[in-house]
Amino acid sequence: MTANAPPQATPLEPQITPKPVDAGVRIGHVHLKVSDLDRALAFYCGVLGLELTQRYGDQAAFISAGGYHHHIGLNTWESKGGLPPPPGTTGLFHVALLYPTRAALADALRRLIEAGVPLDGASDHGVSEALYLRDPDENGVELYWDREPADWPRDEAGHLSMFTRRLDLDGLLREAA
C-alpha cells in the first residue's frame with residue numbers, strides 16, 4: 001500500500017467469495033516484460049541477489065531464491081526496447097517479494113542503499129513491513145516480511161485491522177546481519 005491506497009481495507013465480506021479456493025494455493029511466479037534483459041538481470045540478481053536459474057539467449061531469463069525453478073520470469077518477447085506503460089493505464093501495480101525475517105529485509109534495504117536505488121515508500125502495515133521501489137523498467141516492486149499472525153492487529157471483533165504507518169528505516173537497518 002502506498003500514499004494513494006485507501007487508509008483502511010474493507011473487512012472480510014464472505015458473500016464475495018462464498019466458496020474460497022484451497023488455502024494451500026500460492027502465487028508460484030510472476031513473469032515481467034522488460035525492455036533490456038541484461039539491465040533487468042543486473043537489478044534483480046546484482047542488486048536484490050536473486051539467482052539466475054535459466055536463460056534463453058537475450059530474450060528471457062528465469063530467476064529465483066533458494067534454488068526454486070523460478071520466482072520471476074523476465075522476457076523481451078513483446079517489449080524489447082519498449083517504454084513503461086504511461087500513468088493512468090491498467091497493468092501490474094507491483095510484484096512483492098516476501099523475505100523470511102526482518103533481518104533479511106534489512107539486508108535488502110542495505111543492498112538498495114549501496115546500489116543507489118531510491119525508494120518510493122516504506123511502510124509498516126501492522127501485519128508486515130514493506131519497502132516500495134521501481135525496477136529499471138518502472139515495474140513496481142515491494143520487498144516485505146510478515147509478522148507472525150498472532151501479532152497482527154485486530155479490531156474488537158477479531159477482524160484483521162491493517163494500517164499504513166511510516167517505517168523506521170534506521171531501526172530496520174540495525175537489524176541487518
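Further up the page is the structure itself.
Residues numbered from 1 in each chain as written. Predicted model: local features only at pLDDT ≥ 70, side-chain atom pairs only at ≥ 80, totals over all residues. Heavy atoms only, no water.

Focus: the overall build of the protein
Then step 1. Helix and strand content of the protein: three helices and nine strands.
Then step 2. Starting at the N terminus, the α and β elements of the protein follow one another as β-α-β-β-β-β-α-β-β-β-β-α.
Then step 3. Rg of the C-alpha trace for the protein: 18 Å, near the compact-globule value of 16 Å for 177 residues, within the 12% margin.
Then step 4. With respect to the principal axes defined by its C-alpha atoms, the protein has extents near 55 × 40 × 35 Å.
Then step 5. Looking at the protein residue by residue over its 177 residues, the buried ones come to 34%. (Helix = DSSP H or I, 4+ residues; strand = E, 2+ residues; numbered from the N terminus. Rg over C-alpha atoms; globule rule 2.2 N^0.38 Å. Buried < 20%, exposed > 50% of the residue type's maximum accessible area, 1.4 Å probe, protein only.)

Concerning the layout of surface pockets
Then step 1. What the largest pocket holds in volume is close to 970 Å³.
Then step 2. Per-element accounting of the lining of the largest pocket gives the leading share, five residues, to strand 5 (residues 95-99).
Then step 3. When grouped by side-chain class, the residues that make up the lining of the largest pocket number 18 nonpolar, six polar and five charged.
Then step 4. Of the pockets and cavities examined, the second largest pocket occupies roughly 570 Å³.
Then step 5. Here the residues of the lining of the second largest pocket are counted per class, giving nine nonpolar, nine polar and five charged. (1 Å grid on protein atoms, 1.4 Å probe; cavity = no way out; pocket = protein on both sides within 12 Å on 5 of 7 lines; lining within 4 Å. Points joined across faces, edges and corners; volume = space filled by probe spheres on them. Nonpolar A, V, L, I, M, F, W, Y, C, P; charged D, E, K, R; others polar.)

Description of the environment of Ala-96
Then step 1. Secondary-structure assignment places Ala-96 in strand 5.
Then step 2. Counting along the chain gives 72 residues from Ala-96 to Asp-168, while the straight-line C-alpha distance between them is 20 Å.
Then step 3. Look past the residues within four positions of Ala-96 in its chain and what remains in contact with it is Glu-142 and Tyr-144. (Contact = heavy atoms within 4.5 Å.)

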